Protein chains: 2
Amino acid sequence: MKRKAVCLLSGGMDSSTVAYFAKESGYEILALHFSYGQKTEEKERNCARMIAESLDAQDFLEIPLSYFSQIKGSSLTDPAMAVPAHGEENKDLPTTYVPFRNANLLAIATSYAEVQSADAIFIGVQASDYAGYPDCRPAFIEAFQKAMDLGTADTTNIKLVTPFLSFNKTDILQKGMELHVPYAMTWSCYQNSDRACGICSSCHYRMEAFAHLKISDPIPYEENSSR
Amino acid sequence: MKRKAVCLLSGGMDSSTVAYFAKESGYEILALHFSYGQKTEEKERNCARMIAESLDAQDFLEIPLSYFSQIKGSSLTDPAMAVPAHGEENKDLPTTYVPFRNANLLAIATSYAEVQSADAIFIGVQASDYAGYPDCRPAFIEAFQKAMDLGTADTTNIKLVTPFLSFNKTDILQKGMELHVPYAMTWSCYQNSDRACGICSSCHYRMEAFAHLKISDPIPYEENSSR
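Cut-offs used in this document
Residues numbered from 1 in each chain as written. Chains lettered and ligands numbered in written order. Predicted model: local features only at pLDDT ≥ 70, side-chain atom pairs only at ≥ 80, totals over all residues. Heavy atoms only, no water. Least-squares fit on C-alpha atoms with pLDDT ≥ 70 in both. Contact = heavy atoms within 4.5 Å. Phe/Tyr/Trp six-rings, centres within 6.5 Å; stacked < 30°, edge-to-face > 60°. Helix = DSSP H or I, 4+ residues; strand = E, 2+ residues; numbered from the N terminus. Buried < 20%, exposed > 50% of the residue type's maximum accessible area, 1.4 Å probe, protein only. Lys NZ or Arg CZ within 6 Å of the ring centre and 35° of its normal. Pairing = 2+ DSSP bridges. Axes fitted to C-alpha atoms, helices over the stretch in contact; angles between N-to-C directions.

## Considerations on the relation of the copies chain B and chain A
In screw terms, the move from chain B to chain A is a rotation of 180° and a rise of 0.0 Å along the axis, fitting with an RMSD of 0.0 Å. Here the transformation between the copies is reduced to the relation of a two-fold axis. Taken as a fraction of all interface residues of chain B, those also at the interface in chain A reach 100%, which identifies the copy contact as same-surface.

## As for the packing of aromatic side chains
Inspection of every chain in the model, using the stated rule, returns 19 aromatic pairs over all chains. Ring centres of Phe100(B) and Phe140(B) lie 6.0 Å apart, and the angle between their planes is 65°; on these two criteria the pair is classed as edge-to-face. Here Phe100(B) is found in the loop between α3 (67-71) and α4 (101-115), whereas its partner Phe140(B) is found in helix α5 (residues 138-151), with 40 residues between them in sequence. The two residues Phe100(B) and Phe140(B) agree in class, both being buried. Ring pairing ties together the aromatic residues Phe100(A), Phe140(A), Phe144(A), Phe100(B), Phe140(B) and Phe144(B), which thus form one cluster. Arg3(A) extends its terminal NZ or CZ atom over the ring of Tyr27(A), reaching a point 4.2 Å from the ring centre.

## Some points on the sheet that holds strand β1 (residues 4-8) of chain A
Sheet strands associate in pairs through backbone hydrogen bonding, adopting either a parallel or an antiparallel arrangement. All names here are of chain A. The five strands are arranged β3-β2-β1-β4-β5 in an open sheet whose pairing can be described as parallel. Taken across any chain shown, the strands that pair with only one partner, and hence form the sheet edges, are β3 (59-64) and β5 (159-161). For this sheet the average axis-to-axis angle between neighbouring strands, irrespective of direction, equals 20°. Of the strand pairs in this sheet, β1 and strand β4 (residues 120-122) are connected by three bridges, and their pairing is parallel. Paired with Val6 across the two strands is Ile121, which belongs to β4.

Listed below in structure tokens is the structure:
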């Protein structure tokens, strides 16, 4: 029987590339998508669905996490807070930080993986994130793996796989081009509009990666973006 | 300013006693209640509300976690699975086990505590649970504390407090009687009925504790229960 991997699939570049990487590594894909009241919820869901279909995923579990809005504290989920432009962020901790988000997502992924007897969880955390987001640090990932090992049944062995932990966005894109990831089906921008804003941090890093590799990004950007 | 503690308050004996313990230790209480599609959802919510009010809690955050039903795998949330009687359970892992549940609840509690600048999280995990539930093991709690330390902002310091980890149900009840916990406002039974069934594991341990201390339990039980 083929090994199974729960893949956290947001619909962005990193998670889509990770899911393609898991498939190439020989896993059947169980796609896990979260909508947590972020402004770009519908766009991300559509992208995640398309990527999951393109990977012939065995399951697509969409989990609504309304509680991040109840808890508040992040510009991604709090309508009263503006999404900052790249370079305008708080140096210590960006307002786009959803407190302890990855731990929440990984806890759910572990519950799902244990019920499905999956062998692994793939998540696209990566280097350029963990300067600002503490729950992207390699040490956090290690600690969480230990919590998974101790907090699940003794017969359960789920490996937390973070293939791009030491990658930057350009490395990820490079890998994704080798894997033929359909980047037209991915969405990175923090703003909810037809075209990516080209101004927020997420757009900034995506555009930078495409520019570094001298390839053109298949998604549309605002005319007046910094692209 | 008084220290603040997020208290996981299910409405059962253990969590109610823990919340009283936190209050006595000098904390303001931020009550956090989860409804995760368990059969006794409404009953537990009412009990948790009453206990929070009796503690003059600063906040009562109720978070609906419908995803445990989406993930399935536990008799507490899956309508197709029967809640077993005490002694009829699977020896290795009870069907009442919701996979990795405590990790999910603690991840949310940590997000909430970080946004609220709380100093501690109190949870009523205890000894007689961790034989069957891996996410009640002391080693799991330690591992999760480490994940909290590494996965939150460097300026955030939240202590995970489990005062009853080495207690059994009788020890908890003894402590609760000293703290004048109103046990009439608590619900333990896994079944959803007006009177506690007296048959499920949760009733079994509660009844045993009251019997050990030779005090009478203020909640009503079924006539034909093993009490």
